[in-house]
Amino acid sequence: MIRTPRLNLRSWREDHRGPFAAMHADREVMADQGGPIDRAASDAKFDRYLAAYLDHGTSRWAVEDAAGLFLGYVGVMPRLAPTHPLGPHHEIGWRFTRSAWGHGFATEGARAALAHAFRHLSLDEILSYTSADNRRSQSVMARLDLRRAPSRDFVVEDERAGRWHGLVWVASRQAMAPAGAQGYST
C-alpha cells in the first residue's frame, strides 16, 4: 500500500469490484471513453489490473480515502503490445468517481504512483495520454509537471469511442527525482 497525506493506494480486493463497476457505469465519468461500460466489461478491466500486478509488479491501484471509501484508481500500467501506436511502454492513468472530482486526488495519487514506479521499476520514462477535450486530465498532467510530447501524439480507431486522438505527455525519472516521494510512504 502507498499512503499519501489523504489517500491510500492499495492492491485490489474483491469488495472493490462493485464500486469499480458503478464508477464505469457513470456516463459523465466515462465520457472520454465513449460512454459507460457494462458490468462484464468492468469486471474484465478489473481482472486485467489484477493480472498486470501479478505479471509485471505494477498496475492501477485502488484509491481509498482515510475511512476506506473507494474513490477510484490511479497507477502505472504496462502497455507492452508492439502493435500499440506508441509501441511497448508504461502509462500512468487515473479515473475517479464524480464525488471525488475537484479535490486534487488525481494529482496526489498520480504523484505517489509515479514515485513508486520510478523507485521500484527500471523505467526511464512513463507516458500519459488523453483526448484533446479531456481538460481535467490535461490539468492533472500539468500539475504533475509532465512534459508535453506532441511528436508522439497518435490516433486509433476504437469501436466504442470512434476515432480517438491521444495527446501524449512524458514523465521522466530524471525530472521526477528532485520532487521524490515527499509525504508518501509504502
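Scope of this entry: the structure provided in the associated data block. (Residues numbered from 1 in each chain as written. Predicted model: local features only at pLDDT ≥ 70, side-chain atom pairs only at ≥ 80, totals over all residues. Heavy atoms only, no water.)

### Here we look at the overall build of the protein chain
1) Next: The secondary structure content of the protein chain amounts to five helices and nine strands.
2) Next: Along the protein chain, helices and strands appear, N-terminal first, in the series β-β-α-α-β-β-β-α-β-α-β-β-β-α.
3) Next: Since a compact globule built from 186 residues should have a radius of gyration of about 16 Å, the 15 Å found for the protein chain is in line with a globular shape.
4) Next: For the protein chain, the spread of C-alpha atoms along the principal axes amounts to about 40 × 40 × 35 Å. (Helix = DSSP H or I, 4+ residues; strand = E, 2+ residues; numbered from the N terminus. Rg over C-alpha atoms; globule rule 2.2 N^0.38 Å.)

### Some points on the packing of aromatic side chains
1) Next: According to the stated counting rule, one finds 12 aromatic pairs in the structure shown.
2) Next: Seen in terms of ring centroids, W12 and Y73 are 6.5 Å apart; in terms of plane orientation they differ by 65°. Their pairing is edge-to-face. Remark: Y73 occurs in strand 4 (residues 70-79) and W12 occurs in the loop between strand 2 (7-10) and helix 1 (17-24); sequence separation between them is 61 residues. Of the two residues, W12 and Y73, neither departs from the other in class, the shared state being buried.
3) Next: With centroids separated by 5.8 Å and ring planes inclined at 40°, the aromatic side chains of F20 and Y73 adopt a geometry described as tilted. On the criterion of sequence distance, the pair formed by F20 in helix 1 and Y73 in strand 4 is long-range, its members being 53 residues apart.
4) Next: For F20, a relative accessible area of 0% puts it in the buried group.
5) Next: An aromatic cluster is built from W12, F20, F46, Y49, F70 and Y73, whose rings are joined through pairwise contacts.
6) Next: For R148, the ring lying beneath its charged end belongs to W169, and the centroid distance is 4.9 Å. (Phe/Tyr/Trp six-rings, centres within 6.5 Å; stacked < 30°, edge-to-face > 60°. Buried < 20%, exposed > 50% of the residue type's maximum accessible area, 1.4 Å probe, protein only. Lys NZ or Arg CZ within 6 Å of the ring centre and 35° of its normal.)

### As for helix 1
Quick reminder: α-helices carry 3.6 residues per turn. Residues three or four places apart thus point the same way.
1) Next: Within helix 1, the full set of buried residues consists of R17, F20, A21, M23 and H24. On an axial view of helix 1, the arc spanned by its buried residues comes to 160°, and they lie on one face.
2) Next: Buried residues belonging to helix 1 abut helix 2 (39-56), strand 4 and strand 5 (89-96). (Arc of directions from axis to C-beta. Contact = heavy atoms within 4.5 Å.)

### Description of the pattern of salt bridges
1) Next: The final tally for this structure, using the stated rule, is 16 salt bridges.
2) Next: With its nearest N and O atoms 3.1 Å apart, the salt bridge here joins R10 to E64. Pair noted here: R10 is in strand 2 and E64 is in strand 3 (residues 60-65), with a separation of 54 residues, a long-range link.
3) Next: When the shortest N-O distance is used, the salt bridge between E91 and R79 registers 3.0 Å. Separated by 12 residues along the polypeptide, E91 in strand 5 and R79 in strand 4 bring together distant segments of the chain.
4) Next: Since its relative accessible area comes to 30%, R79 is described here as partly exposed. (Salt bridge = Lys/Arg side-chain N within 4 Å of Asp/Glu carboxyl O.)

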